[in-house]
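What follows is the residue order along each chain.
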Amino acid sequence: MEATKFIWMNGDMVPWDEARIHVLSHALHYGTGVFEGIRAYQTTMGVGIFRLTDHMERLRFSARAYGIALEHSVDQLAKAARELIAANEMEDGYLRPVAHLGLGSVGLNPTGAATNVFIAAWRWGAYLGEEGVRNGIKARVSSWRRIERSMMVPAAKGTGSYLNSVLAKSEALQSGADEALLLNAQGHVAEGSGENVFIVRGGALFTPPPGDGILNGFTRQTVMTLLRDQGFGVHEVSQTRGDLYGADEVFLTGTAAEVTPVREIDSRPVGEGSPGPITRLAQELFAKAVRGELDAYRGWVEPV
Ligand code: PMP
């Protein structure tokens, strides 16, 4: 990772190397943090941050879900993100806001631990590799199941809950795949370790519903809108492992991964074993939308 100049911390622009937290921060011990991943792009309106307000609203929702006091409003957080991109003189890149419990409590009772908020930003290319974006990645159904709604809040981005994703991702990489696909406790397809999943069958799209314990990604919602507006049927219906094997096309969506085709699942080729036409269309429309090139969806781009 290449350093940028500043990290925004609790209201100040702090030089990258000086952005530190205490070893007794509550979040380091118990995972009591929440975070976001956001991308900035060069757009037809200058540098723009994609769905910035939505992401900051989700950060506040995640904090509320896990009982982490977050004083900053959505507007304050969005302003900080824009100022950070400007201060770092970035034309595109990835933003990582984190709100976590800091110093003040070393027991599980979080009372007394103050909330730290920071936003870092750096240049980050294709999360699953350029080659993956072009030709598709290899995925493996994980032996780990996705965190359950009765145990944590899958719809929130809690830092602690990402141990589940790290286990699945590491297992996939160790077995020679690029990404994990997690089933939920009922055996329904949930999502990738950091992406939502779409299955194309007979010219229509299928994606697991929020009730299957997914994070309802903004890239997912964006792609659903773009393809529905093109006249495609996009159905939020539970999917099985067998549905993955029988798919004509499969692709993953996420802020980091954008739209990444899947060419192989559990050593079985997906469709022809190369990205199909609907996946290509989703990639193309998404790439245009984030750059403000589609008039109807300019509202998603929030200029810096
Ligand atoms: N699922 C998980 C588990 C994720 O971590 C992410 C990345 N935030 C996504 C889905 C995709 O969400 P989004 O499109 O909002 O980045």
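Residues numbered from 1 in each chain as written. Predicted model: local features only at pLDDT ≥ 70, side-chain atom pairs only at ≥ 80, totals over all residues. Heavy atoms only, no water.

Peer 1: Is there a simple way to think about the site of the ligand in this case?
Peer 2: Near the ligand lie 16 residues; those nearest to it are Lys157, Tyr162, Glu191, Thr219 and Thr255. Within the side chain of Arg58, a nitrogen or oxygen atom sits 3.0 Å from an oxygen atom of the ligand. In this structure, an oxygen atom belonging to the ligand sits 2.6 Å away from a side-chain N or O atom of Thr255. The fraction of the free accessible surface of the ligand (390 Å²) that becomes covered by protein chains is 96%. Structurally, the ligand is housed in the largest pocket. Counting residues per element, the ones that place at least two in the shell around the ligand are α6 (218–229) and β14 (249–254). In the shell around the ligand, the residues fall into three nonpolar, eight polar and five charged. (Near = heavy atom within 4 Å. Polar contact = N/O pair within 3.5 Å; in protein donor to acceptor, adjacent residues only side chain to side chain. Areas by Shrake-Rupley, 256 points an atom, 1.4 Å probe, with all protein chains shown as cover. 1 Å grid on protein atoms, 1.4 Å probe; cavity = no way out; pocket = protein on both sides within 12 Å on 5 of 7 lines; lining within 4 Å. Sits in = over half its atoms within 2 Å of the grid points. Helix = DSSP H or I, 4+ residues; strand = E, 2+ residues; numbered from the N terminus. Nonpolar A, V, L, I, M, F, W, Y, C, P; charged D, E, K, R; others polar.)

Peer 1: What should I look at first to understand empty space enclosed by the protein in this one?
Peer 2: Sizing a probe to match a water molecule and rolling it over the atoms shows the empty space that remains. Tallied over the entire structure, the rule returns two cavities of 30 Å³ or more. Looking at the largest cavity, the residues that line it are Arg39, Tyr41, Phe50, His55, Phe218, Thr219, Thr255 and Phe286. Here the lining of the largest cavity is built from residues that sort into four nonpolar, three polar and one charged. For the lining of the largest cavity, the domains that each give at least three residues are domain 1 (6–122) and domain 2 (130–290). Approximately 30 Å³ is the volume attributed to the second largest cavity. As for the second largest cavity, its lining consists of Asp248, Glu249, Val250, Val262, Val270, Ser274, Pro275, Gly276 and Thr279. Of the residues that constitute the lining of the second largest cavity, the class distribution is four nonpolar, three polar and two charged. (Points joined across faces, edges and corners; volume = space filled by probe spheres on them. Domains from an automatic or database assignment.)

Peer 1: Help me out: how do you make sense of the environment of Gln186 in this one?
Peer 2: With respect to the helices and strands, Gln186 occurs in the loop between β9 (179–183) and β10 (189–192). With 38 residues separating them along the chain, Gln186 and Glu148 place their C-alpha atoms 9.6 Å apart. Apart from the residues lying within four places of it in its own chain, the contact partners of Gln186 are Arg145 and Glu148. (Contact = heavy atoms within 4.5 Å.)

Peer 1: Would you explain α6 in this entry?
Peer 2: For α6, spanning 12 residues, the distance from its first C-alpha to its last is 16 Å, which sits close to the expected 16 Å at 1.5 Å a residue. Residue Gly231 follows α6 closely and has a positive phi angle near 100 degrees. (Expected span 1.5 Å × (residues − 1).)

Peer 1: Can you walk me through the packing of α6 against helix α8 (residues 277–290) in this structure?
Peer 2: A packed helix pair is summarised by two numbers, namely the angle formed by the two axes and the spacing between the axes. Interhelical geometry of α6 versus α8 gives an angle of 105 degrees and a closest axis separation of 10 Å. Put simply, α6 runs roughly perpendicular to α8. Contact residues: Thr219, Thr222, Val223, Leu226 and Leu227 in α6; Leu281, Ala282, Leu285, Phe286 and Ala289 in α8. Its residues assigned to classes, the contact of α6 with α8 shows eight nonpolar, two polar and no charged. (Axes fitted to C-alpha atoms, helices over the stretch in contact; angles between N-to-C directions. Parallel < 35°, antiparallel > 145°, perpendicular 65-115°, else oblique.)

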